[in-house]
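# Working through the structure, step by step
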Amino acid sequence: MLDNYRLEKRLQYLSLMLFLAFIIKYNYLMLQIFYAPSLTALTIRNLFFVIFYLKFVEPLLISKKIRQRLFFMVFLFSFFFVVNYWYNRYFGNFLSISDLVAGEGTGTFSMYQVLFTHIFKFRDLIIILDLALLGLFGLNSLPDLRSITNFGLWSHSFKVLPNENIMVKVLPNENIMVFAVIVLLLLTQVAAGSLIMGDFSPAELYQSGSSYLAAVYGILPLYTMEAYSYFTRSEEKPRPELEDVPYYQKQKQLSGFKVLPKNTNVILIQVESLDAKIIDYEQQGKPVTPFLNSLKAESLYFENFYAQKVNGSFDADLSTLTSLYPVNRSYVFRDIDLSGFHSLPKLLKKRGYQTLAFHNNDRDFFNRAEAYPDLGFDHFYSQRNFRETIFPVSKERGLGINDYDFFDASTELIKEAAAADKPFFAYLISLTSHTPFNFYPKAAVEDFAEVNNNLVHNYFKSISFLDKSLQNFVYKLEEAGIMDNTLLVIYSDHESEIKTMEYESGRDFTLWRNVKTPYHIPLFIKHPQLQAEIFSREGTTTDIAPTVLDLLGFQELPDQFVGRSLFLEQEDPILFLHETPHVLKDGQLYIKEIEELLKVGYLKNQKREIEISQEKIEELTEIINYMRSIFMINQGEIFKEVE
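Residues numbered from 1 in each chain as written. Predicted model: local features only at pLDDT ≥ 70, side-chain atom pairs only at ≥ 80, totals over all residues. Heavy atoms only, no water.

### Re the packing of aromatic side chains
Counted under the stated rule, the structure contains 45 aromatic pairs. On the numbers, 5.2 Å between centres and 55 degrees between planes, the contact of Tyr-372 with Phe-377 is tilted. Pairing Phe-448 with Phe-460 gives two aromatic rings, centres 5.7 Å apart and planes at 70 degrees, and the pair type is edge-to-face. Of this pair, Phe-448 sits in the loop between strand E9 (424–429) and helix H17 (454–479) while Phe-460 is found in helix H17, placing the two residues 12 residues apart along the sequence. These aromatic residues form a ring-pair network of at least three members: Phe-314, Tyr-331, Phe-333, Phe-365, Phe-366, Tyr-372, Phe-377, Phe-380, Phe-425 and Tyr-427. Its guanidinium or amino end placed over the ring of Tyr-503, Lys-277 lies 5.2 Å from that ring's centre, counting from NZ or CZ. (Phe/Tyr/Trp six-rings, centres within 6.5 Å; stacked < 30°, edge-to-face > 60°. Helix = DSSP H or I, 4+ residues; strand = E, 2+ residues; numbered from the N terminus. Lys NZ or Arg CZ within 6 Å of the ring centre and 35° of its normal.)

Structure below.
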């Protein structure tokens, strides 16, 4: 049994450990997860935490029961920290209320399983080291201090009566003064933060981005406001007004690069989790994607192309079909009426095209069954329209229809469309190479036995299977003569998110802030009349529709489109609308603060100083505000207050 003096010393060390663990995690959350831009406000809040803890929390540690309750609170806070830390590593955002309530996972296994497959690293155990040490050294098990004590840095705060588990609070005038200082600090921090953020209201800060609200008011008010916003939304999907077009629209968006023959068919293939890095990649001399490698040699290939993903894979659908930037916390296919949006299929329908969508998953997943007709598709062929006859996979380990059977059956539907008098636009989305990459038919894939990491091993097999599926698809259409007058575009919804010693999916960025690096994906554009070429121009999926329309000879784009043809010489910065927007230009990565761009990194070995004019920054701000105004319209009473 520890004597009273040794027990008091032990509690002092535990108190220091407890507070340091909390303050380190809290500041990491604010700076690295929520990207709070005001260090002044955060410094004042830290001072508040120090005074409040030393005066009103630390003295309570003399009671075992209170320590047990406090340990439980610390456990909850650590859990909150861990899930946000992991979620941010994968998505680049904090874990919001809308993500928790509206996230759909993949339909047969949870989003959390997917995240855990990719993001957990053994070094993450250090995050809970404080809990382990606090438990080991007895924070919640040591007995009460049994004598009158002045425990803590402030004396005469609390005392425990001898032989009774009763705590008596002593409140001298000094405590009143300390309480007044704490209140003053809180008010000063809010005032300073508000002034730095532009003196906006809480609702305006929330609409501008969670980091600004968190910087001024903290994390708990942010979640409170987000919960209020989410649960006061309209049950009916609102239809945004699309008239307030940003200045950006007044610039040139088409190049007149090439004009393909009239009535050229168009096939867009959105591949699941296809890395740009896997193209031409060899594992001990064996190519993983031999067909795509050969296709690259025959195509226009864009080597600096990036995906839009801030919520889920449907962001790729949205950005590709509408030439808009998706916005974090906006599940547009479910929450917004898209019938008033201009889109690639609608524009092609006006030219007499048939518009067909194909996906090997459930048609209701991400609410595509409602969204696709609104975006102009005549037909949507989904899982229920296909059967696995070539490579059947058991339902227990399958995910939708495997890619080979899906693409093989789709060729027959496309042949039917090609036999009609009208050209067709076919939009296909693959699925088998979805994380955790174990949905492929085992008897139909190449073996990469020399790969030790199981996740990488399965990814190579999945992509190899996809490669064979695409080869069969293109070969069958070539045999039918359809590819002679068809523009083929292949890209990906996002990277595989693999980060291991054996294989890492993303590009190597040098960073000095914890930001989500852009998803580097391939883009193939092939037509018999287009000569193969490799382009170094930067672009993103928002630019696909303008590029296709440019090739088809369109002279203008709808005002709503913010993308630009990839054949234009002038390159604009690329936006990624996370909670704190990211901007990419010439390999240099920035985050968009309220009135400025802050450089946070660059592609490895490509450091350079570039100038982005104030005028361009203002244009980017207009685009960001425009995207948020149309995609965050169903944000309940919060949005109405801002309006």
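### Some thoughts on the side chain of Lys-516
Within the fold, Lys-516 resides in the loop between strand E11 (509–511) and strand E12 (519–521). When its relative accessible area of 9% is taken as the criterion, Lys-516 is described as buried. Polar side-chain contacts of Lys-516 include one of 3.3 Å to the side chain of Glu-497. Leave out the neighbours within four places in its chain, and Lys-516 touches Tyr-35, Arg-89, Tyr-90, Phe-91, Gly-92, Glu-497, His-578 and His-582. (Buried < 20%, exposed > 50% of the residue type's maximum accessible area, 1.4 Å probe, protein only. Polar contact = N/O pair within 3.5 Å; in protein donor to acceptor, adjacent residues only side chain to side chain. Contact = heavy atoms within 4.5 Å.)

### Observations concerning a negative patch on the surface
A surface patch of negative charge is lined by Glu-241, Glu-243, Glu-556 and Asp-559. With respect to the helices and strands, the residue Asp-559 is situated in the loop between helix H18 (544–551) and strand E15 (574–576). (Patch = residues over 30% accessible without salt bridge, like charges linked within 9 Å, V, L, I, M, F, W, Y side chains within 5 Å. Areas by Shrake-Rupley, 256 points an atom, 1.4 Å probe, with all protein chains shown as cover. Salt bridge = Lys/Arg side-chain N within 4 Å of Asp/Glu carboxyl O. Lys, Arg positive; Asp, Glu negative; His and termini not counted. Charge placed at Lys NZ, Arg CZ, Asp CG, Glu CD.)

### A short note on the packing of helix H1 (residues 4–33) against helix H6 (residues 129–136)
Running from N to C, H1 and H6 point in directions that differ by 165 degrees, and their axes come no closer than 10 Å. Relative to H6, the element H1 lies roughly antiparallel. Pair H1 / H6 crosses with left-handed handedness. Every residue of H6 that contacts H1 at Leu-14, Met-17, Leu-18, Ala-21 and Lys-25 is listed here: Asp-130, Leu-133 and Leu-134. Partitioned by chemical class, the residues of the contact of H1 with H6 number 6 nonpolar, no polar and 2 charged. (Axes fitted to C-alpha atoms, helices over the stretch in contact; angles between N-to-C directions. Parallel < 35°, antiparallel > 145°, perpendicular 65-115°, else oblique. Left-handed = near helix turned anticlockwise from the far one by under 90°. Nonpolar A, V, L, I, M, F, W, Y, C, P; charged D, E, K, R; others polar.)

### Thoughts on the packing of H1 against helix H3 (residues 64–91)
Between H1 and H3, the shortest axis-to-axis distance is 11 Å and the interhelical angle comes to 30 degrees. The orientation of H1 relative to H3 falls into the category roughly parallel. Here the hand of the crossing between H1 and H3 comes out left-handed. When H1 is examined against H3, the residues Leu-11, Leu-18, Phe-22, Lys-25, Tyr-26, Tyr-28, Leu-29, Gln-32 and Ile-33 are found in contact with a partner set consisting of Arg-67, Leu-70, Val-74, Phe-77, Ser-78, Phe-80, Phe-81, Asn-84, Tyr-85 and Asn-88. Residue classes in the contact of H1 with H3 are distributed as 13 nonpolar, 4 polar and 2 charged.

### Observations concerning the confidence of the model for the protein
In the predicted model, the protein carries a mean pLDDT of 85, and the fraction of residues at 70 or more is 89%. Counting interchain partners and residues more than four positions distant, the pLDDT-below-50 stretch residues 106–110 has 13 contacts. Within the model, pLDDT remains below 50 along residues 156–163, and this stretch shows 31 contacts once partners closer than five positions in the same chain are excluded. (pLDDT = per-residue confidence, 0-100.)

### Points about the sheet that holds strand E18 (residues 597–603)
The antiparallel open sheet is built from 5 strands, whose spatial order is E11-E18-E17-E16-E15. Strand pairing shows two members of the sheet lacking a second neighbour, E11 and E15, which therefore form its edges. When the angles between neighbouring strand axes are averaged without regard to direction, this sheet yields 30 degrees. (Pairing = 2+ DSSP bridges.)

### Description of the pattern of salt bridges
For the structure on display, the rule yields 15 salt bridges. With a closest N to O distance of 3.3 Å, Lys-516 and Glu-497 form a salt bridge. Here Lys-516, found in the loop between E11 and E12, pairs with Glu-497, found in the loop between strand E10 (486–492) and E11; they are 19 residues apart in sequence, far enough to count as distant. The residues Lys-516 and Glu-497 share a single accessibility class, namely buried. For the salt bridge of Arg-564 with Asp-572, the shortest nitrogen-to-oxygen distance reads 3.8 Å.

### A word on the environment of Ser-430
Tracing the backbone through its elements, the reader meets Ser-430 in the loop between E9 and H17. Here Ser-430 falls in the buried class, since its relative accessible area comes to 1%. Residues Ser-430 and Val-271 lie 159 residues apart in sequence; the distance between their C-alpha atoms is 5.1 Å. Excluding residues that lie within four positions of it along the chain, Ser-430 makes contacts with Gln-270, Val-271, Glu-272, His-359, Asn-360, Asp-403, Phe-407 and Leu-466. At 2.9 Å, the side chain of Ser-430 and the backbone nitrogen of Glu-272 are in polar contact.

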